[in-house]
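Next come the chains, spelled out residue by residue.
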Amino acid sequence: MPIAAGDTLPDVNGTVISEGRPGPVNVRELVGDKKTVIFGVPGAFTPTCTNDHLPTFAVGKAQLDAAGIEQTICMSTNDIFVLQAWNAAHGAEHITMLADGSGDITRAMDIGLDLSGLGLGFRCTRFAMLVDDGVVKAFQTEENPGTCAMTSAAAILEHA
């Protein structure tokens, strides 16, 4: 069953860049006790993720800050180097990139998406969640991964 409001974040590792190097990070520890927005994308540099989804969070920093969001995390099943390059290309350094290259977080949250028919393999679905002190307060996903109406910064901020 997919992660939902009221659930605690899974005790599983992803990868971030810390001090210029990739390294493992526990999702619960990364979020800690902070009010956090985590949004997930099927793939960096793909059309909807690049043109529609990431930009809502990149340019929405002031609104996120005003709502008391202490950190914004973008998760994808890409590797951390791809995510960092994608983030840099969009000037969104305030967003922490969380790589789930092996799909462990995606599987633990039960939010996987099979895009093998498009040659993309196993991915996380497009989602956005509001987390406070490690507990999911709101979780939204898209019926169609080619859209980001329910998972944009504005949409998740309605729950903040």
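Here the structure is shown first, and the text comes after it.
Only a predicted model underlies this, so the values are computations on that prediction, with no experimental measurement involved.

K.L.:
What should I look at first to understand the overall build of the protein in this one?
P.N.:
Per the secondary structure count, the protein includes six helices and nine strands. The C-alpha radius of gyration computed for the protein amounts to 14 Å, which stays within 12% of the reference 15 Å derived for 160 residues, consistent with globular compactness. Expressed along its principal axes, the backbone C-alpha trace of the protein runs to roughly 40 × 35 × 30 Å. Put simply, the protein has 160 residues, and 49% of those count as buried.

K.L.:
So what exactly am I meant to see when it comes to the side chain of Asn78 here?
P.N.:
Within the secondary structure, Asn78 is located in the loop between β4 (71–76) and α4 (80–89). Classification of Asn78 by relative accessible area gives buried; the value is 11%. In this structure the side chain of Asn78 is engaged in a polar contact, spanning 2.7 Å, whose partner is the side chain of Ser76. Contact partners of Asn78, with chain neighbours within four places excluded, come to Pro42, Gly43, Ala44, Leu83, Ala99, Asp100, Gly101 and Arg123.

K.L.:
How should the pattern of salt bridges be read in this particular structure?
P.N.:
All chains considered together, the criterion is met by one salt bridge. The partner of Asp65 in a salt bridge is Lys61, and the shortest N-O contact between them spans 2.9 Å. Taken together, the residues span about one helical turn, with Asp65 and Lys61 both in helix α3 (residues 61–66) at a distance of four residues. The partly exposed category is assigned to Lys61, whose relative accessible area is 35%.

Rules of the game
Residues numbered from 1 in each chain as written. Predicted model: local features only at pLDDT ≥ 70, side-chain atom pairs only at ≥ 80, totals over all residues. Heavy atoms only, no water. Helix = DSSP H or I, 4+ residues; strand = E, 2+ residues; numbered from the N terminus. Rg over C-alpha atoms; globule rule 2.2 N^0.38 Å. Buried < 20%, exposed > 50% of the residue type's maximum accessible area, 1.4 Å probe, protein only. Polar contact = N/O pair within 3.5 Å; in protein donor to acceptor, adjacent residues only side chain to side chain. Contact = heavy atoms within 4.5 Å. Salt bridge = Lys/Arg side-chain N within 4 Å of Asp/Glu carboxyl O.

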